[in-house]
Amino acid sequence: MSETIFSKIIRKEIPADIVFESEDVIAFRDINPKAPVHILIIPKVEIPSVTKINSKEHSELLGKLFDAVNSIAHKLEVDSDGFRLVINSGDNGGQEVKHLHIHLLGGRKMNWPPG
Ligand code: AMP
């Protein structure tokens, strides 16, 4: 599997505006934000997409990703008004970076359905 730009962010080889980091998870501001708060939450281990997740290997990591979501939402003060989580998968899903990531979008009212 070829690595992505997110691996370089994890290794601190390129800059990112990091808002959360733990042993297994890192989160940083999206470079092209679609909302006042737009954070990408990623596992440090390279999982190319949601289709490669399974409960046997990843249940603990998934819990940690959602712990990070809640911690960040609280820290950036979008927890009370609400926010949206998005995981794009594959070409039709609009996934550009093949390293699993959760988009956290907040700070404005979201539209439904998404485009
Ligand atoms: P997706 O289309 O779901 O794969 O989302 C990839 C996201 O990564 C996009 O929203 C990009 O703006 C964002 N992105 C790409 N490169 C960087 C970077 N170097 N730092 C922060 N965000 C990035």
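Just above sits the structure.
Below or above, wherever it landed, is the structure these notes cover. (Residues numbered from 1 in each chain as written. Predicted model: local features only at pLDDT ≥ 70, side-chain atom pairs only at ≥ 80, totals over all residues. Heavy atoms only, no water.)

A word on the overall build of the protein
If you tally the helices and strands in the protein, you get 3 helices and 5 strands. Listed N to C, the secondary structure of the protein is α-β-β-β-α-β-α-β in terms of helices and strands. A principal-axis box enclosing the C-alpha atoms of the protein has dimensions of 35 × 30 × 30 Å. Buried positions account for 36% of the 115 residues belonging to the protein. Excluding contacts between residues fewer than 6 apart, the proportion of contacts in the protein whose partners are at least 24 apart in sequence is 54%. For the protein, the computed accessible surface area is about 7,200 Å², with 52% contributed by carbon and sulfur atoms. Each charge sign in the protein was given a centre, from 14 positive and 16 negative side chains, and these centres are 4 Å apart. (Helix = DSSP H or I, 4+ residues; strand = E, 2+ residues; numbered from the N terminus. Buried < 20%, exposed > 50% of the residue type's maximum accessible area, 1.4 Å probe, protein only. Contact = heavy atoms within 4.5 Å. Areas by Shrake-Rupley, 256 points an atom, 1.4 Å probe, with all protein chains shown as cover. Lys, Arg positive; Asp, Glu negative; His and termini not counted. Charge placed at Lys NZ, Arg CZ, Asp CG, Glu CD.)

A few points about the pairing of strand E3 (residues 37-43)
Counting buried positions along E3 gives 7 out of 7 residues, so the element sits mostly inside the fold. Because side chains alternate across E3, one face comprises the buried residues Val 37, Ile 39, Ile 41 and Pro 43, and the other comprises His 38, Leu 40 and Ile 42, equally buried. Pairing of strand E2 (residues 25-29) with E3, which is carried by 5 bridges, proceeds in the antiparallel orientation. Opposite Phe 28, over in E3, you have Leu 40 as the bridge partner. The pairing of E3 with strand E5 (residues 102-106) spans 5 bridges and is classified as antiparallel. Paired with Ile 41 across the two strands is Ile 102, which belongs to E5. (Pairing = 2+ DSSP bridges.)

A look at the site of the ligand
Lining the immediate environment of the ligand, one finds 15 residues, of which Asp 30, Asn 88, Glu 96, His 101 and His 103 sit closest. Residue Asn 88 places a side-chain N or O atom 2.8 Å away from an oxygen atom belonging to the ligand. Between the ligand and His 103 there is a distance of 2.8 Å, counted from an oxygen atom to a side-chain nitrogen or oxygen. For the ligand, whose free accessible area comes to 500 Å², the fraction covered by protein is 86%. Elements with a contribution of two residues or more to the shell around the ligand: helix H1 (5-10) and E2. Looking at side-chain class alone, the shell around the ligand contains 6 nonpolar, 6 polar and 3 charged residues. (Near = heavy atom within 4 Å. Polar contact = N/O pair within 3.5 Å; in protein donor to acceptor, adjacent residues only side chain to side chain. Nonpolar A, V, L, I, M, F, W, Y, C, P; charged D, E, K, R; others polar.)

Notes on the environment of Ile 10
Tracing the backbone through its elements, the reader meets Ile 10 in helix H1. You can call Ile 10 buried: its relative accessible area is 17%. Sequence-wise, Ile 10 and Ile 42 are 32 residues apart; in three dimensions their C-alpha atoms are separated by 9.2 Å. For Ile 10, the residues in contact, after removing those within four places along its chain, are Ile 26, Ile 42, Pro 43, Lys 44 and His 99.

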